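# Coordinate analysis (summary)
Here is how the chains run, residue by residue.
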Amino acid sequence: MNPDRTEPLVGGAGLDGAAEGTEAPDGAGLRLDVGREAALARAAAIVRGAWRSFDRFRPGQPAIDDRVRELLNVGLPEAPTPVLDALNDVSRILDESIAQPRPRYFAFIGSSGLEIGVIADLLAASYDLNLAVDAAAATAVEAQAGRWVAAFVGYPADCAAAFTSGGTVSNISALAAAREHALPRVRAEGMAGVRAAVYCSRDAHYSIVRAVEMLGLGANSLRSLPVDSRRRMVPEALAEAIDADLRAGIVPVAVVATAGTTLTGAVDPIDTIADICSERGVWLHVDGAYGLPAASVSTHAPLFVGVSRADSICVDAHKWLYVPKPCSVCIVRRPGDLIRTFGHDPHYLPRDRAQQHAVDMTLEYSRPLRALKLWLALRTHGAAAFRAAIAGNLRQAQLFHNEVTRYEDLEAFDEPQLSVVPFRHVPAGVRDLDSHNRRLALLIQKDGRAWVASAVIDGRVYLRPSFVNFRSTDTDVLSLIDIARELGARLAHTGTLRRG
Ligand SMILES: Cc1ncc(COP(=O)(O)O)c(C=O)c1O
């Protein structure tokens, strides 16, 4: 064994020995004040406690207590606090925070904090690698994990992937590549008065607006296209919009098809959109931040036909691949597209290696090893376990929808396409159902047995649960119906009393 190599640890041996006999550096005050084993043991106990508490729903969300309030009002600490005390404080703070991995957290599109992913994050942070430049094995892990995601969702293997902090940055990165493709002089000259357009459905995620703003195209360049009765982009409207822009001398930069909208889980007709794009030579980006992992499930794969034809895609592994945030992947079909967009030659980056540095393919400089949690999760559990968990969430969404339709005081929005299932409480005698459902979402949050947020669809307020947590049981999912009906009835009753 090479003496410079870190030996694989056996039973924690060697954790405390490394500093023995060495000269104290000036930063000695940054050493732990207890043995590493003790600090790690306390941290492990906190993690164990958290995981145990995520195994089952908890009956309420604790309020922020006085001790925590006091802590959070303290100014910059000059003096040290013993690490075990500080860890205990952190444990309290975390316990009094809203944690998405809890099995009855149904708001927004949550994440699950998959345990092996948490362990991978600890390991990756310990080595604190920087994937801006070639980091040897870790750089290869990132590329491999990207190819695994591509294979999982049915995208060609000879692609290039970059891990980012989230769907927002993945979408901005992909649209930057599309802009470079459509306007090859844009990096030097800016938009220079060129009029350009990006196309998406009106239900696309706000990150697309943010992207066109950040890329200097301007929010007015975004064509927010109509949706059909199931809230999918209308392809005829897309073709007309592109053709009208071409006639007006406006450059179509990209079409964004959403594979699972945040609002209702609608999947745009990707294959038809791909036909329209290829006939006109326009870049197709598929925003699969939320929904694309469902392409791996045979019952839902037909919804995603055409994704393999996209120029770029993005998937948030921190959504429906269950690993902790942040972990998104932006994948392009031709690696050269990212290199042309982000490649550069600063004086402080050595260029004597054949390998590509990630800073020449991505927006960021300092880049942590975000891919390790997904790599380790897929290696540990295998892709089949992920498919089964996603299929389970899809089944739960249908179960939830079926149950909603059984009650007269509930109204379903639509059959679920994926795992977002908007519904609303419609008790007899309540005239302003929008205000009722907005208040009901807040009341459910205050009650704390489950967590859900409201959303506005065509001007009407719905409760909008999403089911993307591998920890949620069918009982957890269905509990939201009982809680919404119970609290909704109470709210309707007090409202009626007040009016009367
Ligand atoms: C379809 C879609 N795209 C992009 C995003 C943005 O992802 P992030 O919050 O990771 O930046 C989301 C977030 O919910 C989303 O649902």
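Scope of this entry: the structure provided in the associated data block. (Residues numbered from 1 in each chain as written. Predicted model: local features only at pLDDT ≥ 70, side-chain atom pairs only at ≥ 80, totals over all residues.)

### Remarks on helix α14 (residues 383-404)
The end-to-end C-alpha distance of α14, which contains 22 residues, comes to 32 Å, matching closely the 32 Å that a straight helix rising 1.5 Å per residue would cover. Looking only at α14, the buried set comprises Phe386, Ala389, Ile390, Asn393, Leu394, Gln396, Ala397, Phe400 and Val404. Here the buried residues of α14 occupy an arc of 150° about the axis, which is enough to place them on one side. Within α14, the exposed residues directed more than 90 degrees away from the buried face are Ala384 and Asn402. (Helix = DSSP H or I, 4+ residues; strand = E, 2+ residues; numbered from the N terminus. Expected span 1.5 Å × (residues − 1). Buried ≥ 20, exposed ≤ 12 C-beta atoms within 10 Å, placed from the backbone. Arc of directions from axis to C-beta.)

### Side note on the sheet that holds strand β5 (residues 283-287)
Backbone-to-backbone hydrogen bonds pair the strands of a sheet. The strands run either parallel or antiparallel. A sheet is described by the order of its strands in space; here 7 strands give the open sequence β1-β7-β6-β5-β4-β2-β3, paired in mixed fashion. Taken across any chain shown, the strands that pair with only one partner, and hence form the sheet edges, are β1 (160-164) and β3 (222-225). With strand direction ignored, the average angle separating the axes of adjacent strands in the sheet is 20°. Relative to β5, strand β4 (residues 251-258) runs parallel, the two sharing 5 bridges. Bridging from a neighbouring strand, threonine 258 pairs with aspartate 287 of β5. (Pairing = 2+ DSSP bridges. Axes fitted to C-alpha atoms, helices over the stretch in contact; angles between N-to-C directions.)

### Points about the site of the ligand
The local shell around the ligand holds 14 residues, among which Gly166, Gly167, Thr168, His205 and Ala289 are the closest. Among the elements that line the shell around the ligand, the one with the most residues is helix α6 (residues 167-182), at 3 residues. Residues that form the shell around the ligand fall into these classes: 3 nonpolar, 9 polar and 2 charged. (Near = placed C-beta within 6 Å. Nonpolar A, V, L, I, M, F, W, Y, C, P; charged D, E, K, R; others polar.)

### Details of helix α5 (residues 137-153)
The end-to-end C-alpha distance of α5, which contains 17 residues, comes to 25 Å, matching closely the 24 Å that a straight helix rising 1.5 Å per residue would cover. When α5 is considered as a whole, its buried residues turn out to be Val141, Glu142, Ala145, Gly146, Val149, Ala150, Phe152 and Val153. Residues of α5 that are buried in the fold lie against β1, β6 (312-316), α11 (317-320), β7 (328-332), α13 (371-381) and α14. Phi turns positive one or two residues past the end of α5, at glycine 154, with a value near 85°. (Contact = placed C-beta atoms within 7 Å.)

### Examining the packing of helix α4 (residues 115-127) against α13
Two elements in contact, α4 and α13, have axes separated by 8 Å at closest approach and are oriented at 135°. Taken as axis vectors, α4 and α13 run oblique relative to one another. Judged by the twist between their axes, the crossing of α4 over α13 is right-handed. Here Ile116, Gly117, Ala120, Asp121, Leu123 and Ala124 of α4 lie close against α13, whose contacting residues are Leu372, Lys373, Leu376, Ala377 and Thr380. The class makeup of the residues in the contact of α4 with α13 is 7 nonpolar, 2 polar and 2 charged. (Parallel < 35°, antiparallel > 145°, perpendicular 65-115°, else oblique. Left-handed = near helix turned anticlockwise from the far one by under 90°.)

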